[in-house]
Amino acid sequence: DVPRTVLAARSSLAVGRRVRLRPGPGAGDPLRIVSCGAPLVPGSSVRIVDDSGGVLPHGYLGEIVVSGPSVARDYHGEDAGSKFRGADLYTGDSGFLDRGELFVLGRLGDGLKCRAGLVLAEDLETAIREIPALRHARAAVLLGVLNGDDTAIVVAERRAGPWIPAVTQALRRAAGEIRVVVVAGPPGTVRRTTSGKPRRRPMWAAFTEGTLGGEIVADAGRVTGAGAGRD
């Protein structure tokens, strides 16, 4: 069977709010989300909770909590942002339920509300992978507010080069007039979990503390690195 797909109004995508599906004209660019289906293992359950852990009704956006016989008891090694509470796994992912099916948006904290609506880090990473110089490079997008500005920080394991202006253009096409900071660094600059997911929140914290590594080669579209012409 073909998975079910829904269209959601980006302006309604906030934890604790009802997701507005099938938005009408004038609602802006809707987000297309593909269903992950319903639990298949007997005894398994999926529920959505708000910031305080309260269970949300179907159709509301919140953190995905999973329980059942297929859930592990703990993580081996470093915590990936999820946490266990008894038999429940608080995944750290955001999503909602509709008609008994789960729709996943992405990691909590990996989205940013700005004038263009909700912007997701995964969508911006998809946009920059269209740039030939970054197609096979390790890169991650971090989202947050930097000195009062809605900001996307692109961290790429790549030498500075002509690809830098293309990154700013791609992100502004996808996210509007957002501040774009580009960091170029050696292998290992993009921090990842053992499963290969970007550790965005720790990287954002490291950037603000000046410990991320790499070189800031652009800020808001203005090339600042001395070697920005290298490839």
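By convention here, each chain's residues receive numbers from 1 onward along its written sequence. Per-residue local features are limited, in this predicted model, to residues with pLDDT of at least 70; the limit for side-chain atom pairs, both in listing and counting, is 80 or more; totals at the level of whole chains, interfaces and linings are taken over all residues. As a convention, hydrogens and water are excluded, and side-chain values are obtained from all of the structure's heavy atoms.

With that settled, consider the overall build of the protein. Secondary structure follows DSSP: runs of H or I at least 4 residues long count as helices, runs of E at least 2 residues long count as strands, and numbering of each begins at the N terminus. Looking only at helices and strands, the protein has three helices and 14 strands in total. Each residue gets one of three labels from its accessible area relative to the maximum for its type: buried under 20%, exposed over 50%, partly exposed in between, using a 1.4 Å probe on protein chains only. The buried share of the protein, reckoned over its 231 residues, is 45%. Computed with the Shrake-Rupley method and a 1.4 Å probe, the accessible areas treat only the protein chains shown as cover for residues. Put simply, the protein shows about 12,000 Å² of open surface, and 51% of that area lies on carbon and sulfur atoms.

The next subject is the confidence of the model for the protein. pLDDT measures how confident the predictor is about each residue, on a scale from 0 to 100. Residues with a pLDDT of 70 or more make up 87% of the protein, whose mean pLDDT is 84. Averaged pLDDT values over the elements of the protein bottom out at 42 in strand 14 (residues 222–223) and peak at 95 in strand 3 (residues 45–49). Contacts are residue-level and defined by heavy atoms, with any inter-residue pair within 4.5 Å sufficient. Contacts for the low-pLDDT stretch residues 221–231, under 50 throughout, to residues beyond four places or in other chains number 31 contacts.

Moving on, we get to the nonpolar core. We call a set of buried residues a nonpolar core when its members are Ala, Val, Leu, Ile, Met, Phe, Trp, Tyr or Cys and they connect through side-chain atoms within 4.5 Å of each other. In terms of nonpolar packing, the biggest core is built from 28 residues, with Ile-128, Trp-163 and Val-167 touching the most fellow members. For this core, the elements supplying multiple residues, two or more each, are strand 8 (111–114), helix 1 (121–128), strand 10 (139–146), strand 11 (149–156), helix 2 (163–175), strand 12 (179–184) and strand 13 (215–219). Ranked by the residues each element gives to this core, the list is headed by helix 2, at six residues.

With that settled, consider the environment of Gly-92. With respect to the helices and strands, Gly-92 occurs in strand 6 (residues 88–98). Under the relative-accessibility criterion, Gly-92 is labelled buried at 4%. C-alpha of Gly-92 to C-alpha of Ile-64: the two residues are 28 residues apart in sequence and 7.0 Å apart in space.

Glancing now at the packing of aromatic side chains. One pair of aromatic rings is described through two measures. These are the centre distance and the angle between the planes. Only rings of Phe, Tyr and Trp enter the pairing, Trp through its six-membered ring, and a pair is recorded when the two centres are within 6.5 Å. The plane angle decides the type: under 30 degrees is stacked, over 60 is edge-to-face, the rest tilted. The full count for this structure, using the stated rule, is one aromatic pair. Taken together, a centroid distance of 5.2 Å and an interplanar angle of 10 degrees make the contact between Phe-96 and Phe-103 stacked. Note on Phe-96: relative accessible area 1%, which makes it buried. Criterion for a charge above a ring: Arg CZ or Lys NZ at most 6 Å from the ring centre, at most 35 degrees from the ring normal. For the cation-ring pair, Arg-85 lies above Tyr-90, with the distance from its terminal atom to the ring centre recorded as 4.2 Å.

Moving on, we get to the environment of Arg-73. Considering the arrangement of structural elements, one finds Arg-73 in the loop between strand 4 (62–67) and strand 5 (83–85). Counting along the chain gives twelve residues from Arg-73 to Arg-85, while the straight-line C-alpha distance between them is 9.7 Å.

The next thing to look at is the pattern of salt bridges. Any Lys or Arg side-chain nitrogen located within 4 Å of an Asp or Glu carboxyl oxygen qualifies as a salt bridge. With the rule as written, the count across this model stands at eight salt bridges. A salt bridge links Arg-129 to Glu-125; its shortest N-O distance comes to 3.9 Å. Given the relative accessible area of 38%, Arg-129 is considered partly exposed. We note a salt bridge from Glu-125 to Arg-200, for which the minimum N-O separation is 2.8 Å. Of this pair, Glu-125 sits in helix 1 while Arg-200 sits in helix 3 (residues 200–209), and the two are 75 residues apart along the sequence. The burial state of Glu-125 is the same as that of Arg-200; both residues are buried. What emerges from the salt-bridge pattern is a single network uniting Asp-110, Glu-125, Arg-129 and Arg-200.

The buried fraction of strand 10 is high, at seven of eight residues. In the sheet, strand 10 pairs with strand 11 via eight bridges, with the strands oriented antiparallel. By the bridge assignment for strand 11, Leu-142 is matched with Ile-153. Linking strand 10 back to strand 11 in an antiparallel pair, the connection comprises two residues, with Asn-147 at a positive phi of about 50 degrees. DSSP calls a pair of strands paired once it identifies at least 2 bridges connecting them.

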